[in-house]
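Now for the letters of each chain:
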Amino acid sequence: MKTPTTTLDLREPRTVDEALALMNEDAPLTPIAGCTDVFVTLNFGQQPARRFINLWPLDELRGISVEGDALRIGALTTYTELIRSAEVNRRMPALVAASREVGGVQIQNRGTLAGNVANGSPAGDSLPVLAVADAVVVLRSVSGERRVPVTAIYTGYRTTVIRPDELIVAIEIPRTDGAQWFRKVGTRAAQAISKVVMAAVRGPEPRIAFGSVAATVVRVPRTEAALAGGATMQEAQQVLSAEITPIDDVRSTAAYRLRVAGNLLAQWWGETA
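Student: Outline unusual backbone geometry, listing residues and values.
Tutor: A negative phi angle is the norm for most residues apart from glycine, just as the trans form is the norm for most peptide bonds. Phi angles above zero are rare outside glycine, and Asp134 is one such case at about 55°. Secondary-structure assignment places Asp134 in the loop between α8 (127–132) and β6 (136–141). The class of Asp134 is partly exposed, set by a relative accessible area of 41%. In this model, Ser212 sits at a positive phi of 70°, which is unusual for a non-glycine residue. Among the structural elements, Ser212 can be located in the loop between β13 (207–211) and β14 (218–219). When its relative accessible area of 8% is taken as the criterion, Ser212 is described as buried.

Rendered as structure tokens:
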């Protein structure tokens with residue numbers, strides 16, 4: 001790996017409580033599990049962290065269950081497990097669709113849902129789905145748990161409200177009524193970072209979220225309100241173009257992203273009519 005010569009420090013707790021104690025007493029420690037993001041940055045010498053805590057063996061952080069009327073997904077649940085889960089397929093087919101778009105089978109076998117949330121990339125495939133589902137991120141520290149809406153987790157590009165002593169232990173998704181929809185636009189049909197990614201729920205109050213069009217994944221409440229109020233698609237697309245702020249980068253241009261986002265909006269509205 002193209003890493004500097006400084007020592008890498010890895011802690012391996014045997015329980016979640018032990019992990020939380022280490023996070024509290026020996027911070028900063030960067031949590032790792034599937035390592036599908038961390039290994040890439042280490043390989044390119046771009047990973048600033050040098051001290052890690054390995055959560056992969058902690059089965060307490062795995063599992064998919066229904067609690068009350070909410071779907072609870074353990075932090076270490078992989079994309080393959082999401083794809084294979086009958087409960088996720090029944091309740092959140094858009095999350096299954098997003099999971100199928102994450103890398104190849106090897107990445108799906110190792111990558112975790114909480115890792116996608118913690119990484120905070122605006123191109124994260126699962127994040128628009130979680131945003132339109134009003135998902136809640138369950139954070140735990142030695143002092144207790146707190147629940148933060150996924151739309152309130154991000155403060156900027158790859159920055160979050162997660163404290164250094166906190167771990168994501170689960171993602172909770174309330175019952176989601178309405179037709180779910182997901183689309184990813186990338187250079188290739190598979191194993192490509194999105195140029196634009198969109199998730200939406202069609203109901204009396206439409207819910208729409210985009211990735212790769214801002215510094216974080218974003219809901220578009222003005223566009224949602226326009227469609228709920230009976231706006232034409234052309235009017236809604238004009239609202240959308242003023243509500244998102246894509247940039248030019250190595251993967252695409254701002255103009256392209258604006259046009260594709262508007263086209264996806266129209267495609268979703270037509271397919272779920």
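Student: Lay out the sheet that holds β13 in plain terms, naming residues and giving numbers.
Tutor: Read from one edge of the open sheet, 4 strands run β11-β12-β13-β14, paired in antiparallel fashion. In the strand order of this sheet, the two ends are held by β11 (179–186) and β14, each with one partner. Examined bridge by bridge, β11 and strand β12 (residues 194–202) share 8 bridges and lie antiparallel to one another. Within β12, the residue paired with Lys184 across the bridge is Val197. The strands touched by helix α9 (residues 221–228) are β13 and β14; relative to β13, the strand with the most contacts, the crossing angle is about 145°.

Student: Could you give an account of the side chain of Ser212, naming the residues involved and the relevant values?
Tutor: At 3.0 Å, the side chain of Ser212 forms a polar contact with the side chain of Ser194. Beyond its immediate sequence surroundings of up to four residues, Ser212 is in contact with Pro122, Ala123, Ser194, Lys195, Val196 and Arg257.

Student: Lay out the sheet that holds strand β1 (residues 9–11) in plain terms, naming residues and giving numbers.
Tutor: One open sheet accounts for 3 strands, arranged β1-β3-β2; its pairing is parallel. A strand with exactly one partner marks an edge of an open sheet, and here the two such strands are β1 and β2 (30–32). Put simply, the sheet's adjacent strands are angled 30° from each other on average, direction ignored. Judged from the 3 bridges that link them, β1 and strand β3 (residues 51–54) form a sheet pairing that is parallel.

Student: So what's going on with the pattern of salt bridges? Which residues, and what values?
Tutor: Under the counting rule described, the total for this entry stands at 24 salt bridges. The closest approach of N and O atoms between Asp9 and Arg51, which form a salt bridge, is 3.5 Å. Highlighted residues: Asp9 in strand β1 and Arg51 in strand β3, separated in sequence by 42 residues. The salt bridge partner of Asp249 is Arg257, with a shortest N-O separation of 3.1 Å. A residue is classified by how much of its surface remains accessible, and Asp249, at 31% relative accessible area, is partly exposed. The class for Arg257 is buried, based on a relative accessible area of 1%. Each of Glu67, Arg72, Arg140, Glu145, Arg147 and Glu172 takes part in a single network of salt bridges with overlapping partners.

Student: I'd love a proper account of the packing of aromatic side chains, names of residues and values included.
Tutor: For any pair of aromatic rings, the description rests on two quantities: the centre-to-centre distance and the angle between the ring planes. Applying the stated criterion across every chain yields a total of 1 aromatic pair. Aromatic side chains Trp268 and Trp269 sit 5.1 Å apart centroid to centroid with 65° between the ring planes, which places their arrangement in the edge-to-face category. The class for Trp269 is partly exposed, based on a relative accessible area of 22%. A cation over a ring is seen here: Lys195 above Tyr256, with NZ or CZ 6.0 Å from the ring centre.

Thresholds, definitions, all that
Residues numbered from 1 in each chain as written. Predicted model: local features only at pLDDT ≥ 70, side-chain atom pairs only at ≥ 80, totals over all residues. Heavy atoms only, no water. Helix = DSSP H or I, 4+ residues; strand = E, 2+ residues; numbered from the N terminus. Buried < 20%, exposed > 50% of the residue type's maximum accessible area, 1.4 Å probe, protein only. Pairing = 2+ DSSP bridges. Contact = heavy atoms within 4.5 Å. Axes fitted to C-alpha atoms, helices over the stretch in contact; angles between N-to-C directions. Polar contact = N/O pair within 3.5 Å; in protein donor to acceptor, adjacent residues only side chain to side chain. Salt bridge = Lys/Arg side-chain N within 4 Å of Asp/Glu carboxyl O. Phe/Tyr/Trp six-rings, centres within 6.5 Å; stacked < 30°, edge-to-face > 60°. Lys NZ or Arg CZ within 6 Å of the ring centre and 35° of its normal.

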